Amino acid sequence: MTIRNLHHAVDPKSLAVIGASSRYGSLGRVVIDNVLAMGFEGDIWPVNPKYGEVGGLRCYSRVADIPNVPDLAIVVTPPYTVPGLIQALGERGTRVAVVITAGISADNGLRQAMLDAAKPFLFRIIGPNTVGMIVPSVKLNASFVHLQPQTGDIALLSQSGAIATSLIDWAADNNIGFSKIISLGDMADVDAADCLDLLAGDPKTRAIVMYLEAIPNPRKFLSAARAAARLKPIVAIKSGRHAESAKAAATHTGALAGADQVVDAALSRAGVLRIDGLGELFDAAEIIGRFFPLKNARASVITNGGGAGVLVVDRLMDLGCELGTLLPGSIEALDRVLPANWSRANPIDIIGDASPERYKAAIEIVAQDPATDILIIMNCPTGLASPVDAARAVASLARSGMIAGKAVLTCWLGSRTARDGRQVLQQAKLASYETPADVALAASYLAEWSRAQKALVRVPSSRNDEITCDRDAVHSILRCVAKEGRRLLNEPEAKAVIAAYGIPTPKTVVARSPEDTEIVAAELLADTAKIVVKLISKTVTHKSDVGGVVLGVATPSAAREAAEAIAERLKTHNPNATIEGFALQPMIDRRHAQELILGISRDPVFGPVILFGSGGVSVEVVGDTAVALPPLDEVLAGDLIDKTRVGRLLAGFRDRPPADRTAIAGALCALSQMIVDFPCIISMDINPLLADEKGVIVLDARIEIDPQAVERPGPNRDLAIRPYPASWQKNVTLSGRAYHLRPIRPADAALYPAFLAKTSAEDIRMRFLSSGKTLPDQMLVRLTQIDYEREMAFVALNRESGELAGIARLHADPDHETAEYGLLVRTDLQGLGLGWSLFSYLRDYAVADGLKRIEGLILNENSKMLRMCRELGFSIGVHPIDSRLKVAVLALQP
């Protein structure tokens, strides 16, 4: 639905250039010259009342005068004319335009006027303020770029026209071609998400590269990026920073979860490789386009020069890559084929006089080592052996750019003979680089992209069964806080919320005065040697800043003195501050425990984020934190831990045993479940969370809420990635057969072959409007790995056998008002009422999701589906363009 009418833009048979000009130096002249120079083979109709002829073509005064309906319009006229031209084009029958014109903004009202003119016709607008669009495969250059790009298989999306033209220039010098080049401009209508949806299914596009400056609709963007990244490599540069993220003061997390960290987390979760520099964009796309994602990315370096190998390893370590560790069996095998003075470790120095045979023998052994995933093969020129012969030896082992199924990256250092060696390697489809830094960077791209692809396919549920939680107790606490008009929970309230989600907290007792503190302390000290006394104040955010925490209190009288001292310090620090009381808890002495911080914050673009890192009072100074987008599961929580330096410390060192990683990951998953369940939570700190081999325990906590949102139900719609909707499951019994209905999962792709084998070719044709008994693997991925934001699919599974019996699917439009549906029931199970059950459940979901209409395209001869739609209350009409089809529409809301 997001690509409606955009096919006219990328494969037009005719186009109108409105504002085409003969005046030298004008924008209209450059655009029409580019259209003609690239040799567009369809009809071209210049439109400009000032001319009778432009570029040797008849020029028309008005849109209405064009002799036929243009598939695509290019608009390069003054801003005030654009809304009227869109109206005229829509009435003429055109459905898409590239508006190059700048100066169309919300401030002058022209942007909305343009969109209002387009809406009745479902008219799509690329731009305004764009350099245009280029589709080399159809010889279309509807832009004002300075040269004609080559045809290739990389698509370029850019929010900056200047960056687009620079990349086109760079690509020309490096012999790189494009399938599509789309300058997005101001994205009044068509945005990066729409283009990603379009390119995901484009057979002429192998990889997508993007330059982004803003992501105005993050859920839509991530939905499209996740769908496209499942099918082809995506590399992105994202510029800009969000100042808002540094302004949050209620929690440490709010200050630490910087916008750029969140962008990293979001793109990684979408399976997109993010890089920093323009010069790396195409290199990164090339390398990740060569290989499948790796389960692990441990690199082993084979080199005839020890120094070069060390340089690669240094750079790999700088880039956060992992070295493979040779197994004893591999070392023994290498001992038999290498000189006695070989390195006997990774990097594997096979010595400067290495012959082609020595290269082959070493590579074959290392390629079989299970602890190696990436082979980096290097050659330094010497007078003892030929780099070209070494390259031929390596090339003889290669199959489709790999050796023994392992990814291979090569680096032939030097210029003259090395250049010939690199050519041999490239002819064998092996990736080849000139310097150690370049080959290490390529390995890091492959490793980072593989990690992103693993995160991409994980779709945590809205209900994590591993988390024990008391939602009613939490709701009661939050409701009381909101009733008092407060945004910040006091420490005992915050700890009670956290404890309700299964994260251990020490016993905390509240004393209202210093005198009460002495009484409470006496009770606590009966069971523990020392206690902690803390300030409770609605007006103080960070207690340690005002001396509001006293540790190691050993007697009741000392507890009262501590409370009195806290009150005195607060009066000096802030005379207007109020004291609600004092929190007392046992002093936790876990000498080897690591202080951690866990938190929740809100990014202004991507919504809730979860933070993890090194905690304590110096948390901002240390700055060892990482963020992730919820929802999390145990694997994603582990990935978040591994992104920090403290994550390595938790594995144990010297006399410190490893911390309980399962407990730490469980605490992160509990926070994730909390933000899924309670949209009212704005931010949270658990700092410090002590972690050691005994588990975890919360020492201090802070939670901020939006009192107005306490009654908002979960799952939280502010999440950038929608969780698996676990609550939408039910069992039905039809004609004595039991079925389980639930949302589709990625693993369900494995059920499709058996399902299709028992579904007739005619039923498949009726569902997909095309013939074929099987579906390509890419299509199965696309059908089963959905993100639940714009799509929903329910499967019906036989409760005894687990076999797939039927599927019902919705795909919503960008406005989330109308959704297209599809329904397919296995041929031998039709007539039992399964289609009715699936569709009824789909309709209930659409209503709950706020959709207004369901639509379906049905072949005229599909009498069974047409009959069911009429009985369900659909209105049936004739398709306005394709006479073979009927359009069924069901209104869900008045």
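My aim in this report is to walk through the structure given alongside it, one point at a time. For every chain, the first residue of the written sequence is number 1, and numbering continues from 1 onward in sequence order. Owing to the predicted nature of the model, reporting of local features is limited to residues with pLDDT of at least 70; listing and counting of side-chain atom pairs is limited to 80 or more, with chain, interface and lining totals taken over all residues. Here the side-chain values reflect all heavy atoms present in the structure, with hydrogen atoms and water set aside.

## A closer look at the overall build of the protein chain
Alright, step 1. Across its full length, the protein chain carries 29 helices and 39 strands.
Alright, step 2. Values of the radius of gyration come from C-alpha atoms, whereas the globule rule sets the reference at 2.2 Å times the count of residues to the power 0.38. Whereas a compact globule of 894 residues would reach a radius of gyration of roughly 29 Å, the protein chain reaches 32 Å, a difference of no more than 12%.
Alright, step 3. Along the first, second and third principal axes, the C-alpha set of the protein chain runs to 100 × 85 × 70 Å.
Alright, step 4. For the protein chain, the residues scored as buried account for 56% of the 894 residues in total.
Alright, step 5. Computed with the Shrake-Rupley method and a 1.4 Å probe, the accessible areas treat only the protein chains shown as cover for residues. A total of about 36,300 Å² of accessible surface is found on the protein chain, and carbon and sulfur atoms cover 51% of it.
Alright, step 6. Charged side chains of the protein chain number 95 positive and 100 negative; the gap between the two group centres comes to 4 Å. Helix numbers and strand numbers start at the N terminus; a helix is a DSSP run of H or I with at least 4 residues, a strand a run of E with at least 2. Classification of residues uses two cut-offs on accessible area relative to the type maximum, computed with a 1.4 Å probe and protein chains only: under 20% is buried, over 50% is exposed, and between them is partly exposed. In this count, Lys and Arg are taken as positive residues and Asp and Glu as negative ones, while His and the chain termini are left out. We put the charge of a Lys on NZ, of an Arg on CZ, of an Asp on CG and of a Glu on CD.

## What to know about the packing of helix α13 (residues 356-367) against helix α14 (residues 387-397)
Alright, step 1. Lines fitted to C-alpha atoms define the axes here, with helix axes fitted over just the stretch in contact, and angles between the N-to-C directions of these axes take values from 0 to 180 degrees. Remark: α13 packs on α14, axes separated minimally by 8 Å, with the N-to-C direction vectors making an angle of 35°. For the pair α13 and α14, the sense of crossing is right-handed. Together, P356, Y359, K360, I363 and E364 of α13 and D389, A390, A393, V394, S396 and L397 of α14 make up the contact between the two elements.
Alright, step 2. Taken together, the residues of the contact of α13 with α14 sort by class into seven nonpolar, one polar and three charged. Throughout, a crossing is termed right-handed when the near helix is turned clockwise from the far one, and left-handed when it is turned anticlockwise from it by less than a right angle. Any two residues having at least one pair of non-hydrogen atoms within 4.5 Å are treated as being in contact. Residues are grouped as follows: Ala, Val, Leu, Ile, Met, Phe, Trp, Tyr, Cys and Pro are nonpolar; Asp, Glu, Lys and Arg are charged; all remaining types, including Gly, are polar.

## Considerations on the side chain of D849
Alright, step 1. By secondary structure assignment, the location of D849 is in the loop between α28 (834-848) and β37 (853-859).
Alright, step 2. Two N or O atoms form a polar contact when they lie within 3.5 Å of each other; inside protein one atom must be a possible hydrogen donor and the other a possible acceptor, and for residues adjacent in sequence the pair counts only when both atoms belong to side chains. A polar contact is formed between the side chain of D849 and the side chain of R717, at a distance of 3.3 Å.
Alright, step 3. Discounting chain neighbours no more than four positions away, the residues touching D849 are R717, R722 and H816.

## Remarks on the sheet that holds strand β22 (residues 509-511)
Alright, step 1. At least two DSSP bridges between two strands are needed for those strands to be called paired. If you walk across this open sheet you meet the four strands as β22-β25-β23-β24, and the pairing is antiparallel. The open sheet has two edge strands, β22 and β24 (549-553), and neither has a second partner. Each neighbouring strand pair of the sheet contributes to a mean axis angle of 25°, computed without reference to strand direction.
Alright, step 2. Here strand β23 (residues 531-536) runs beside β24; their pairing, made up of three bridges, is antiparallel. In the strand pairing of β24, K534 is matched with V549.

## Points about the pairing of strand β20 (residues 406-412)
Alright, step 1. Here β20 lies mainly inside the structure; seven of its seven residues are buried.
Alright, step 2. Taking every second residue as pointing to the same face, both faces of β20 are buried, with K406, V408, T410 and W412 on one and A407, L409 and C411 on the other.
Alright, step 3. Pairing of strand β18 (residues 374-379) with β20 involves six bridges; the strand directions are parallel. Bridge pairing in β20 links I376 to L409.
Alright, step 4. Pairing of strand β19 (residues 402-403) with β20 involves two bridges; the strand directions are antiparallel. When the bridges of β20 are listed, I403 appears paired with K406.
Alright, step 5. Connecting β19 to the next strand, β20, in antiparallel fashion are two residues, including A404 with a positive phi near 55°.
Alright, step 6. The sheet contact formed by β20 and strand β21 (residues 431-433) spans three bridges and is parallel. Bridging across to β21, L409 finds its partner in A431.
Alright, step 7. Looking down the strands as they point away from you, a crossover is right-handed if its path from the first strand over the helix to the second goes clockwise. Regarding the hand of the β-α-β motif, the stretch spanning β20, helix α15 (residues 416-427) and β21 is right-handed.

## Describing empty space enclosed by the protein
Alright, step 1. Grid points spaced at 1 Å and placed over the protein atoms alone form the basis of the search, with a cavity being a set where a 1.4 Å probe fits but cannot get out and a pocket an open set showing protein on both sides within 12 Å along at least five of seven lines. Lining residues have an atom within 4 Å of a point. Grid points are joined across faces, edges and corners, and a volume is the space filled by probe spheres set on the points. Inspection of the entire model under this criterion finds seven cavities of 30 Å³ or more.
Alright, step 2. Quantified by volume, the largest cavity comes out at close to 100 Å³.
Alright, step 3. Residue lining of the largest cavity: H592, Q594, L649, L650, G652, F653, R656, P657, A659, A691, D692 and E693, and that is the complete set.

## So, the pattern of salt bridges
Alright, step 1. By convention in these notes, a salt bridge is any Lys or Arg side-chain nitrogen within 4 Å of a carboxyl oxygen on Asp or Glu. Within the structure shown, the criterion is met by 47 salt bridges.
Alright, step 2. Residue D202 is joined to K180 by a salt bridge in which the shortest nitrogen-to-oxygen separation is 2.8 Å. In this pair, D202 is assigned in the loop between α6 (192-200) and β12 (207-212) and K180 in strand β11 (residues 177-183), connecting sequence segments 22 residues apart.
Alright, step 3. Across the pair E286 and R206 runs a salt bridge whose closest N-O atoms are separated by 3.6 Å. With E286 in helix α10 (residues 281-290) and R206 in the loop between α6 and β12, this pair connects stretches of sequence that are 80 residues apart.
Alright, step 4. The class for E286 is partly exposed, based on a relative accessible area of 34%.
Alright, step 5. It is possible to trace a salt-bridge network through shared partners that takes in R124, D189, D191, D194 and K220.

## With respect to unusual backbone geometry
Alright, step 1. In the segment running from N687 into P688, the intervening peptide bond is cis, with an omega of 0°.
Alright, step 2. With respect to the helices and strands, the residue P688 is situated in strand β29 (residues 681-692).
Alright, step 3. In this model, G714 is joined to P715 through a cis peptide bond whose omega is 0°.
Alright, step 4. Unusually for a residue other than glycine, R344 sits at a positive phi of about 55°.
Alright, step 5. Tracing the backbone through its elements, the reader meets R344 in the loop between α12 (328-337) and β17 (348-349).
Alright, step 6. What makes R344 partly exposed here is its relative accessible area of 42%.

## Remarks on helix α19 (residues 514-525)
Alright, step 1. Given a rise of 1.5 Å per residue, 12 residues ought to cover 16 Å, and the 16 Å separating the end C-alpha atoms of α19 matches this to within 8%.
Alright, step 2. Those residues of α19 that fall on the buried side of the exposure criterion are P514, T517, V520, A521, L524 and L525. Projected down its long axis, α19 shows its buried positions confined to an angular sector of 130°, all on one face. Exposed side chains of α19 directed beyond 90 degrees from the buried face belong to I519 and E523.
Alright, step 3. Buried residues along α19 sit in contact with β22, β23, β24, α20 (556-573) and β25 (581-586). The span expected for a helix works out to 1.5 Å for each residue beyond the first. Note that the arc is computed from the directions linking the helix axis to the C-beta atoms.

## A look at the packing of α12 against α13
Alright, step 1. α13 packs onto α12 with a crossing angle of 170° between their chain directions and a minimal axis gap of 10 Å. Taken as axis vectors, α12 and α13 run roughly antiparallel relative to one another. Contact residues: S330, A333, L334 and V337 in α12; R358, A361, A362, I365 and V366 in α13.
Alright, step 2. A per-class count over the contact of α12 with α13 returns seven nonpolar, one polar and one charged. By definition in this entry, angles of less than 35 degrees are roughly parallel, angles greater than 145 are roughly antiparallel, angles of 65 to 115 are roughly perpendicular, and the rest are oblique.

## Some details on helix α5 (residues 161-173)
For the α-helix, the turn length of 3.6 residues means that residues three or four positions removed from each other point alike.
Alright, step 1. Helix length check: α5 (13 residues) gives 19 Å between terminal C-alpha atoms against 18 Å at 1.5 Å per residue, within 8%.
Alright, step 2. All of the buried residues in α5 are G161, I163, A164, L167, I168 and A171. Looking straight down α5, one finds that the buried residues subtend no more than 155° of arc, so they occupy a single side. Looking at α5, the residues exposed on the side facing more than 90 degrees away from the buried face are A162 and D173.
Alright, step 3. Among the structural elements, β8 (132-135), β10 (150-158), β11, β12 and α10 are those in contact with the buried residues of α5.
Alright, step 4. With a side-chain oxygen positioned 3.4 Å from the backbone nitrogen of A162, the residue opening α5 is S160.

## Here we look at the state of the cysteines
Alright, step 1. Disulfide assignment relies on a single distance test, namely cysteine sulfur atoms paired within 2.5 Å. Scanning the entire structure with this criterion turns up zero disulfides.
Alright, step 2. Between C680, a free cysteine, and C480, which holds the nearest cysteine sulfur, the sulfur-to-sulfur gap is 13 Å.

## Remarks on the packing of aromatic side chains
Alright, step 1. Centres within 6.5 Å make a pair out of two Phe, Tyr or Trp rings, where for Trp the six-membered ring is used; the pair is then stacked when the planes are under 30 degrees apart, edge-to-face when over 60, and tilted otherwise. Enumeration over the complete set of coordinates arrives at 13 aromatic pairs.
Alright, step 2. The interplanar angle of 55° and the centroid separation of 5.4 Å between the aromatic rings of F839 and F874 together place this pair among those described as tilted. With F839 in helix α28 and F874 in the loop between α29 (863-871) and β38 (875-878), the pair connects residues that are 35 residues apart, well separated along the chain.
Alright, step 3. An aromatic cluster is present here, built from W728, F794, Y841 and Y845 joined pairwise through their rings.

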